[in-house]
Amino acid sequence: QVQLMESGGGSVQPGGSLRLSCAASGNFRTASVMGWYRQVPGNQRELVAVETINGGTDYADSVKGRFAISRDNAKNSVYLQMNSLQPDDTAVYYCYAQIYRTIYESPNDHWGQGTQVTVSS
């Protein structure tokens, strides 16, 4: 009932920038948390950045000072501005949302299908 649509991935050179976008669609009341995780084949999926509906943020130490997360709650969207990209940032980036469908239900985790980010010298 909820879909997360990602866009903005691609290939860049070290030091370059990308902006990822994700829009949540479907019937739900609130996306209490939205953000981004990333995964390299063979590795665990790791948090990149998340933002709560009231603006609180959490970043992975490896991206602090380089990445910036933002939300547009009216559009149920979340963005990730990635600057000073490095080869170690290469991964599939997944949009994440913690969704309340109604006020009476507990939240559920939802994931996008992922968008590839490649940083290559």
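The present account deals with the structure reproduced in this document. (Residues numbered from 1 in each chain as written. Predicted model: local features only at pLDDT ≥ 70, side-chain atom pairs only at ≥ 80, totals over all residues. Heavy atoms only, no water.)

## Comments concerning the pairing of strand β8 (residues 77–82)
Every other side chain in a regular strand lies on the same face of the sheet, so the side chains alternate between the two faces.
Link 1 in the chain: Across the six residues that make up β8, a large majority, five, are buried.
Link 2 in the chain: Sheet topology places strand β7 (residues 67–72) next to β8; six bridges connect them, and they run antiparallel. Considered in β8, the bridge of Asp72 is made with Ser77.
Link 3 in the chain: Taking the residues that link successive antiparallel strands as the turn, the β7-β8 hairpin has four residues, and the phi of Asn76 there is positive, at about 50 degrees. (Buried < 20%, exposed > 50% of the residue type's maximum accessible area, 1.4 Å probe, protein only. Helix = DSSP H or I, 4+ residues; strand = E, 2+ residues; numbered from the N terminus. Pairing = 2+ DSSP bridges.)

## A closer look at the nonpolar core
Link 1 in the chain: Ranked by size, the top nonpolar core spans 29 residues in total, and within it Trp36, Val48, Phe67, Leu80, Met82 and Tyr93 carry the most contacts.
Link 2 in the chain: Going through the elements one at a time, β1 (2–7), β3 (18–26), β4 (30–39), β5 (46–52), β7, β8, β9 (91–100) and β11 (115–119) are the ones with two or more residues in this core.
Link 3 in the chain: At five residues, the largest contribution of residues to this core is made by β9.
Link 4 in the chain: In this structure, Tyr93 is in contact with Glu6, Leu20, Trp36, Tyr37, Arg38, Val48, Phe67, Leu80, Met82, Gly114, Thr115 and Val117, ignoring residues within four places of it in sequence. (Core = buried A, V, L, I, M, F, W, Y, C linked by side-chain atoms within 4.5 Å. Contact = heavy atoms within 4.5 Å.)

## Description of the state of the cysteines
By definition, a disulfide links the sulfur atoms of two cysteines through a covalent bond.
Link 1 in the chain: Under the counting rule described, the total for this entry stands at one disulfide.
Link 2 in the chain: Here Cys22 engages in a disulfide with Cys95; their sulfurs sit 2.0 Å apart. Judged by the torsion about the S-S bond (-85 degrees), the Cys22/Cys95 disulfide is left-handed. Linking Cys22 in strand β3 with Cys95 in strand β9, this pair joins segments that are 73 residues apart in sequence. The burial state of Cys22 is the same as that of Cys95; both residues are buried. (Disulfide = S-S within 2.5 Å.)

## A short note on the packing of aromatic side chains
Link 1 in the chain: In this structure the tally under the stated criterion is three aromatic pairs.
Link 2 in the chain: Plain terms: the ring middles of Tyr37 and Tyr96 are 5.5 Å apart, the flat faces sit at 65 degrees to each other, and that makes the pair edge-to-face. You can see Tyr37 sitting in strand β4 and its partner Tyr96 sitting in strand β9, a full 59 residues away along the chain.
Link 3 in the chain: Both rings, one in Tyr96 and one in Trp111, keep their centres 5.1 Å apart while their planes meet at 55 degrees; by these two values the pair is tilted. Residue Tyr96 is located in strand β9, and its partner Trp111 is located in strand β10 (residues 108–111); the two are separated by 15 residues in the primary sequence.
Link 4 in the chain: With relative accessibility at 8%, the residue Tyr96 sits in the buried group. (Phe/Tyr/Trp six-rings, centres within 6.5 Å; stacked < 30°, edge-to-face > 60°.)

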